[in-house]
Amino acid sequence: MLRRDFATWQCGDRELPLARPRVMGILNVTPDSFSDGGEHADTAAAVAHGLALLDAGADIVDVGGESTRPGFTPVDPEEEAARVVPVVRELLDAGALVSVDTRHPSVAELCVRLGVHVLNDVTGFTDPAMVRIAAESECGVVVMHAGEVADHPTRRSVLLDSDPRSREAAAEDAEAEVADGDDTPADRGDASSVRLDEVMRRSARGVTSPTVRLASGSNRRFTLPESAPIMRRIMGFLGDQARTLMRAGVAHDRICLDPGAGFGKMADEDVVIQRACAQMASMGYPIMCAVSRKRFVGAISGVAAAADRDAATIGAALAAAEAGARILRVHDVAGVSQALNAYWSIAHPGQSRAFVALGSNVGDRVGYLARACALINEIPLTCVSAVSHAYESEPAYGIATPVANAVAEVRTELAPEVLLGHLMEVEQALGRTRPAGQDGHGPRTIDCDLVFVEGERHAGERLRLPHPGLVERDFVLVPMEDLVHDPARYLRHAGITVLPREERVGIVLADLGAIEW
């Protein structure tokens, strides 16, 4: 029986429910990442892309300022901080759940002070300073397996001496770098960079660890190497590092494990590891699938260019999600989100409780509220379970005339961003127009605001959950009293503190009666 008690991942002050997989969007603020280097190196462009990732369906944005591609050029902490800090700060101000992808303690510490939610360490918290920072924060942590050399630095010379191909590869790499006039990580004296660079060069050349070669053999009779030795190494390292973090004071529910696709691993090994996702999930931690555009995805799909591997990535990510992965770290957030939403709706039925605030201030206002409820009830995989009375409220947000308001409670199996799209279609069907310069607050036949979905938080320009105005809108909170005994108490359990009535806007003036829809 597969372990299915996925609960939550605690990331700072955010609790991320894992009943369904979550999407982590990759935001590389680097000039040399393997598939998108330089596209978002400018702070403004990076922030804009981060917000676009949220609108495309990302639950988390993972900001990285150092490429770890084969033969990468290490970045000193000061340069990395200069790249990521402005981006992290603006995304946090926008309400995003932000992860920082760094192996440098000083960068991690600075981002923790800014309020970052997740520390994603490519070297698996093998640096005691990173363990200390994680323990002193409330951040979620991603423990990644980065290959033989990175997780066992003391074996580095033994590993190289035992592998003639490694010595030849290292010599070729050194000659190439001298010819190019580039300094090596060793020239800069960065020990962790040397180990990580070595891992990536070895995996790029198809050189794997002695443990795996003994299991597979040079004249193998099977398509893949034996799983058990590989998974003992991967799961052994991840489990050891998770326990190290917990002994230092990091709570179990803050830890996520990443087997490190492409880091110190051949394509065959990566496939073995991905097939064992359910086995890793049985360890009791959320598992991250970070295969986006990786070399092994190209190997199994026949796609050479990294940037062209998004469709293949979707296939690998869905397979991992079905096997138990709960964090999908990807470049193509829109594509993965669409595929995941469609797949999960069919393969894993499950309802969410949501509340939609309705408002009308032209024509037959109560009639428009009723027609909106009927149309919402026709949205696929969605039904209206209850509707409040209609209420007259005083104008707010620059609206010139009184508004008729109501709240519909719905049950839905759609992702929030998908449900929002259908609500916009309801507005269009009822003749809603959005003149330029009115910011949505002018005359309208109907306004459909998705204000709350149980267990969901979202930040973006298109959708924010909970709705930022929920805490102050009397014309939403009063109708909710018809549906929830004590809305303030109910919302408080979700971390939302509503304002007292004397501090709210859009005060309810009259009960207009039940809505017949």
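As shown above, the structure is provided for reference.
Remember, predicted model here, so these are calculated numbers, not experimental data.

(A) Highlighting the sheet that holds strand β10 (residues 327-330). Strand order in this open sheet of 8 strands is β8-β7-β6-β5-β4-β3-β10-β9, and the pairing throughout is parallel. Of all the strands in the sheet, just β8 (255-258) and β9 (288-289) have a single pairing partner and so form its edges. Inspection of the sheet shows strand β5 (residues 98-101) paired to strand β6 (residues 118-121) by 3 bridges, in the parallel sense. The residue bridging aspartate 101 from the neighbouring strand is asparagine 120, located in β6.

(B) Structural context of the nonpolar core. Ranked by size, the top nonpolar core spans 78 residues in total, and within it Leu27, Val63, Leu91, Phe125, Leu245 and Ile255 carry the most contacts. Ranked by residues supplied to this core, first place goes to helix α10 (residues 227-248) with 8 residues. When near neighbours in sequence (up to four residues on either side) are disregarded, phenylalanine 125 contacts Leu119, Met130, Val131, Ala134, Val141, Val142, Val143, Gln241 and Leu245. Core analysis: the next-biggest nonpolar cluster, separate from the first, contains 28 residues, Ile379, Val410, Cys448 and Leu463 among them.

(C) Molecular detail of the side chain of serine 337. Tracing the backbone shows serine 337 in helix α15 (residues 333-347). With a relative accessible area of 3%, serine 337 lands in the buried category. Among the polar contacts listed, one links the side chain of serine 337 to the backbone oxygen of alanine 56, at a separation of 3.5 Å. With residues near it in sequence (within four places) discarded, serine 337 still touches Val23, Ala56, Gly57 and Ala58.

(D) Up close: the environment of leucine 16. Positionally, leucine 16 belongs in strand β2 (residues 14-17). A relative accessible area of 6% means that leucine 16 is categorised as buried. The contacts of leucine 16, once residues within four sequence positions are left out, are Ala7, Thr8, Trp9, Arg22, Asp59, Ile60, Leu97 and Ile327.

(E) Examining the packing of aromatic side chains more closely. This model, assessed by the stated rule, comprises 3 aromatic pairs. Where phenylalanine 355 meets tyrosine 490, the ring centres are 6.0 Å apart and the plane angle is 75 degrees; that geometry is what we call edge-to-face. On the criterion of sequence distance, the pair formed by phenylalanine 355 in strand β11 (residues 352-360) and tyrosine 490 in helix α19 (residues 487-492) is long-range, its members being 135 residues apart. Consider the rings of phenylalanine 452 and tyrosine 490, whose centres lie 5.7 Å apart with planes at 70 degrees: the pair is edge-to-face. Linking phenylalanine 452 in strand β15 (residues 447-453) with tyrosine 490 in helix α19, this pair joins segments that are 38 residues apart in sequence. A relative accessible area of 4% means that phenylalanine 452 is categorised as buried.

(F) Structural view of the pattern of salt bridges. Considering all chains together, one arrives at 20 salt bridges under this definition. The shortest N-O distance in the salt bridge between glutamate 409 and arginine 353 comes to 2.8 Å. Here glutamate 409, found in strand β14 (residues 403-412), pairs with arginine 353, found in strand β11; they are 56 residues apart in sequence, far enough to count as distant. Residue glutamate 409 pairs with arginine 411 through a salt bridge whose shortest N-O separation is 2.7 Å. By relative accessible area, arginine 411 is classed as partly exposed at 28%.

(G) Summary view of helix α3 (residues 105-114). Residues Pro105, Val107, Ala108 and Cys111 constitute the buried set of α3. Buried residues of α3, seen end-on, are gathered within an arc of 160 degrees and therefore sit on one face of the element. Where the residues of α3 are buried, they touch α2 (77-93), β5, β6 and α4 (128-136). Of the residues flanking the end of α3, it is glycine 115, one or two places downstream, whose phi is positive at about 110 degrees.

The rules behind each value
- Residues numbered from 1 in each chain as written.
- Predicted model: local features only at pLDDT ≥ 70, side-chain atom pairs only at ≥ 80, totals over all residues.
- Heavy atoms only, no water.
- Pairing = 2+ DSSP bridges.
- Helix = DSSP H or I, 4+ residues; strand = E, 2+ residues; numbered from the N terminus.
- Core = buried A, V, L, I, M, F, W, Y, C linked by side-chain atoms within 4.5 Å.
- Buried < 20%, exposed > 50% of the residue type's maximum accessible area, 1.4 Å probe, protein only.
- Contact = heavy atoms within 4.5 Å.
- Polar contact = N/O pair within 3.5 Å; in protein donor to acceptor, adjacent residues only side chain to side chain.
- Phe/Tyr/Trp six-rings, centres within 6.5 Å; stacked < 30°, edge-to-face > 60°.
- Salt bridge = Lys/Arg side-chain N within 4 Å of Asp/Glu carboxyl O.
- Arc of directions from axis to C-beta.

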